[in-house]
Structures are given as C-alpha cells and as structure tokens.
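Summary of the model geometry
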Amino acid sequence: MRKNIQDFQGMKEAGIKISMLTAYDASMSSLLSECGTDMLLVGDSLGMVVLGYDSTVPVTMEQMVHHASAVRRGAPDIFVVGDMPFGSYQTGIRDAINNGLKFIKESDCDAVKLEGGQEVCEVVSALVRSGISVMGHLGLTPQTASQLGGYKVQGKELPAAEKMVADARALQDAGVFAIVLECVPEELSTLISKDLKIPTIGIGAGAGCDGQVLVINDMLGMFEKFTPKFVKHYAKLAPLMKQGVQEYLAEVKSGTFPAAEQGFSCATDYSSIFREEE
C-alpha cells in the first residue's frame, strides 16, 4: 500500500527511518517497490547517470515527466517524488505552478522536489496552496553547485550553518513535508533534524537524519565515472554487466549463440518455397 505524507510524519515521530532511492524507469522502480522501499525519487540526476550530461542543469521538464511517468507505471503502489528541473520554478510563481501542475498531472507523481532556501519559499507556498506537495532540498544543491564553489560539503562554517538552519525553518513554515539535506556535516544535519517537526532525508549528511536517499546507479555500482564519498556500494554490477556483455559478444562471433535451446523449430518442410522453377 502506498505510503503518504502523514505516514512519513508518523515515521519521524516514532523514530522509524525512511528509506528512499532514485529510479528512472519502470523496470527499476518495479524492483525497488518489490524490495519495500518507502519512497522513490525521480531525480534530475538522471541527466548525468542516464542522459550523459555533465550536470543536472540541461534536464528539461519534458524529460522529467517522461521518466517519472515510467517510474509510476512500474511502481503504482509506492510514493514517488519528482525533481523540478532547473529553470522550471526560478522564473516566477506562475511558471512554477504551471510546471508543478504539469508534473503531477502528466506523471502521476505524489510530490515534487525543488532546491533552495528562503529565496524559494514564496514559490513553495504557492505550490502547496495549489494542492502540490513539495519536498525541499538544502546543503549541496546540484542545480546551483557553481555558485557554491562546486560539489562541496556545505554548512561547515558558522555563518553558512546559521543560514541553513534559517532556510530549513523557513521551508517548513512555507509548507514542505520533508527536506533533503545533501553533503552537510553530520553534527549540523542531526541538530536540524531534531529542530524540525518534518522529516529530513540525508544524502552525505550522516545518520542523524530521519531517512536516507542514494542514487540507485551509485549504490549498485553501475555508474563508474565518479563515486561520491558518501556512497556505499551494496553491489558492484558494472563489472558483472561488462562480463555478461563480453561473453555474449564472444558467443555471437563464434556462432555458439543462439544454441538450439534458444531457438524454435517445427516439422514444416519449407524447401518448396525456395525450389527453383524448371
């Protein structure tokens, strides 16, 4: 049965950790749903791990809706959050509402996620008033990583930590039902999690958050270009996948695949079709 926002709030209050993973297609979301994952995130990280971009910035609303729709079809009984891509909510409240409504209506996501603190609170409030559930995202915000000095830990210095706390409180007041904390010192994320009434979901933010999220391609060892420090490989599928592909290629070249057991046969005599006319 699909969990809802009240369920996640209840999990925080009961001290039950929330599990979240990314998914970008129906086959993966179906598998993750069968495993009992609490929540799925259709992250704009798909730009890097699926579409081959160097960052999340080029990802479009159409691409997000396309992948989120596939995830929903594969996992109809799991709570799905979709990332609002860069440019879909920064141009004003009206655009943000239109894009948020498009996202929810066309993909059947349960909620959207957007990055930023106090500067996006008016947008958050407008989305929530429009009936759209919103998840926040603080710390390392990939869409604006260049303004943060790159992909670095955020909140290490006291002024930055104070701003993050203020941003988290403001997002909560604006109506978000949860906040992702990315690349934040564990000491700070733990204090923020205790300070907020709503759940926090950590990624590179330590064990003090109310839940955790990882990119599925990282967690399963499928994405080899770069492995963030906070990722734990629960499997290393890339070498196994390469081995399987190489064995297939070798058997195709040698003619050993397909073998008789991979083919179909019947007793029909087809030779008359190809018999030359006398």
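Residues numbered from 1 in each chain as written. Predicted model: local features only at pLDDT ≥ 70, side-chain atom pairs only at ≥ 80, totals over all residues. Heavy atoms only, no water.

What follows deals with the pattern of salt bridges. It is possible for side chains bearing opposite charge to pair when their charged atoms get close. Counted under the stated rule, the structure contains nine salt bridges. A salt bridge links D108 to R72, with the shortest nitrogen-to-oxygen separation between them at 3.6 Å. You can see D108 sitting in the loop between α5 (93-107) and β4 (111-113) and its partner R72 sitting in helix α4 (residues 61-74), a full 36 residues away along the chain. Residue classification places D108 among the partly exposed residues on the basis of a relative accessible area of 41%. (Salt bridge = Lys/Arg side-chain N within 4 Å of Asp/Glu carboxyl O. Helix = DSSP H or I, 4+ residues; strand = E, 2+ residues; numbered from the N terminus. Buried < 20%, exposed > 50% of the residue type's maximum accessible area, 1.4 Å probe, protein only.)

The next thing to look at is helix α10 (residues 237-254). The first and last C-alpha atoms of α10 sit 26 Å apart over 18 residues, in line with the 26 Å expected at 1.5 Å per residue. Following α10 by one or two positions, G255 adopts a phi angle in the positive range, close to 85 degrees. (Expected span 1.5 Å × (residues − 1).)

Looking now at the sheet that holds strand β3 (residues 79-83). Spatially, β1-β2-β3-β4-β5-β6-β7-β8 is the arrangement adopted by the eight strands of the closed barrel, whose pairing is parallel. Ignoring strand direction, the axes of neighbouring strands in this sheet form an average angle of 25 degrees. Relative to strand β8 (residues 211-214), strand β7 (residues 200-203) runs parallel, the two being bridged by two bridges. From the neighbouring strand, G202 faces β8, where its bridge partner is Q212. (Pairing = 2+ DSSP bridges. Axes fitted to C-alpha atoms, helices over the stretch in contact; angles between N-to-C directions.)

Moving on, we get to the environment of F274. By the secondary structure assignment, F274 is in helix α11 (residues 271-274). With a relative accessible area of 67%, F274 lands in the exposed category. It is 67 Å that separates the C-alpha atoms of F274 and D7, two residues lying 267 residues apart in sequence.

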